[in-house]
Amino acid sequence: GAVVSQHPSRVICKSGTSVKIECRSLDFQATTMFWYRQFPKQSLMLMATSNEGSKATYEQGVEKDKFLINHASLTLSTLTVTSAHPEDSSFYICSAIPVGTDTQYFGPGTRLTVL
Amino acid sequence: QKEVEQNSGPLSVPEGAIASLNCTYSDRGSQSFFWYRQYSGKSPELIMSIYSNGDKEDGRFTAQLNKASQYVSLLIRDSQPSDSATYLCAVGPGTYKYIFGTGTRLKVLA
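This report concerns the structure included in the present document. Residue positions are counted from 1 within each chain, in the order its sequence is given. To label them, take the chains in the order written and letter them from A, then take the ligands in the order written and number them from 1. It should be noted that, the model being predicted, local features are given only for residues of pLDDT at least 70 and side-chain atom pairs only at 80 or more, the latter also being counted only at that level, while totals for whole chains, interfaces and linings use all residues. Based on all heavy atoms of the structure, the side-chain values leave hydrogens and waters out of the count.

1. Examining the overall build of chain A
- Runs of H or I in DSSP of at least four residues are treated as helices and runs of E of at least two as strands, each being numbered from the N terminus. Looking only at helices and strands, chain A features zero helices and eleven strands.
- When the helices and strands of chain A are listed from N to C terminus, the series reads β-β-β-β-β-β-β-β-β-β-β.
- Dimensions of chain A, computed from the C-alpha atoms along their principal axes, are close to 40 × 25 × 20 Å.
- A burial count over chain A gives 51% of its 115 residues as buried.
- Contact definition: two residues touch when any of their heavy atoms are within 4.5 Å. Long-range pairs, those at least 24 residues apart, make up 54% of the contacts in chain A between residues at least 6 apart in sequence.
- Surface accessibility of chain A: about 5600 Å² in total, with carbon and sulfur atoms responsible for 51%.
- This count recognises Lys and Arg as positive and Asp and Glu as negative, with His and chain-terminal groups excluded. To locate a charge, take atom NZ for lysine, CZ for arginine, CG for aspartate or CD for glutamate. For chain A, the distance from the average position of its 10 positive side-chain charges to the average position of its 9 negative side-chain charges is 8 Å. Three exposure classes are used, based on accessible area relative to the maximum for each residue type with a 1.4 Å probe and protein chains only: buried under 20%, partly exposed in between, and exposed over 50%. Reported accessibility uses the Shrake-Rupley method at a 1.4 Å probe radius. Residues are deemed covered only where the shown protein chains occlude them.

2. Some points on the side chain of Gln38 of chain B
- Assignment of secondary structure puts Gln38 of chain B in strand β4 (residues 32–38).
- Owing to a relative accessible area of 7%, Gln38 of chain B belongs among the buried residues under this scheme.
- Any N or O atom pair separated by 3.5 Å or less is treated as a polar contact, with the protein-specific requirement of one donor-capable and one acceptor-capable atom, and with residues adjacent in sequence counted only for side-chain atom pairs. Reaching out from Gln38 of chain B, the side chain makes a polar contact with the side chain of Gln38 of chain A at a distance of 2.7 Å.
- Within the local environment of Gln38 of chain B, its side chain forms a polar contact with the backbone oxygen of Lys42 of chain B, the two atoms lying 2.7 Å apart.
- Excluding residues that lie within four positions of it along the chain, Gln38 of chain B makes contacts with Gln38 and Ile93 of chain A together with Ser43, Pro44, Ala85, Thr86 and Leu88 of chain B.

3. Some words on the pairing of strand β5 (residues 45–51) of chain A
Residue and element names in this part refer to chain A.
- Of all seven residues in β5, five are buried; the element is thus mostly enclosed.
- Strand pairing is assigned whenever DSSP detects at least two bridges linking the two strands. Bridge count between strand β4 (residues 30–38) and β5: six bridges; the pairing is antiparallel. By the bridge assignment, Tyr36 is partnered in β5 with Leu46.

4. So, the sheet that holds strand β1 (residues 4–7) of chain A
Residue and element names in this part refer to chain A.
- One open sheet holds the four strands; their spatial order is β1-β3-β8-β7, and the pairing between them is antiparallel. Strands at the two margins of the open sheet, each flanked by one partner only, are β1 and β7 (67–73). Averaged over all pairs of adjacent strands, the angle between their axes in this sheet comes to 15°, without regard to strand direction. Lines are fitted to the C-alpha atoms to define the axes, a helix being fitted only along its stretch in contact, and any angle between axes, read from their N-to-C directions, falls within 0 to 180 degrees.

5. Description of the pattern of salt bridges
- Throughout this description, the term salt bridge denotes a Lys or Arg side-chain nitrogen within 4 Å of a carboxyl oxygen of Asp or Glu. Scanning all chains against the criterion turns up six salt bridges over all chains.
- The closest approach of N and O atoms between Arg24 of chain A and Glu22 of chain A, which form a salt bridge, is 3.5 Å.
- Residue Glu22 of chain A is classed as partly exposed on the basis of its relative accessible area, which comes to 26%.
- For the salt bridge of Arg60 of chain B with Asp83 of chain B, the shortest nitrogen-to-oxygen distance reads 2.9 Å. Of this pair, Arg60 of chain B sits in the loop between β6 (54–58) and β7 (61–66) while Asp83 of chain B sits in the loop between β8 (71–76) and β9 (85–92); the two residues are 23 residues apart in sequence, bridging distant segments of the chain.
- Residue Arg60 of chain B is classed as partly exposed on the basis of its relative accessible area of 28%.
- Salt bridges here are not isolated pairs; linked through shared partners, they connect Arg37, Glu45, Arg60 and Asp83 of chain B.

Limitation: the analysis is restricted to geometry and does not speak to function.
This is the structure in structure tokens:
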């Protein structure tokens, strides 16, 4: 149980394009999902907290107009990286908390490379 | 600033030994404590959670919590080379939100 999927697992795009990453909880409902970014050999960095049906809460220093988050249902949150640049290349990981619990379960991550 | 601190390591232990990973936290309001394992290039996976003072065992893993000392640890018995990974301590939500430590890199030597 408590499986989280992400799609795509890997994406390469050109500078200036937008990329959408999906995060789905497959066997549970999640009112809260989180989006993290991780650069090589560095720790997890929380980007934003996504709550179903409301606007995401972004961490300090994360541009909300660049990283658009939508949590349209209890099983799906999306992160759109708009006008991506090479410095946005990173490993993006989502996590979800099953309703009624406080445990985060992580998706497998999406590796974004911007050329 | 609420913090979770871990020794970055690497912590090297021989195969079959007990690995002891430690974590301290600053938010006394924290209610939940988690250990995750992260292999290189992969996302974190949950090992176990602990909520009450004392020990909690799950297979080869034992989590220990001491709220008075604001200290949580993870023991891995009979360490295997496949246990070599980075171990993340997470605390939350308490009076703040979930906070992850930077992780301890464990190397189990065959």
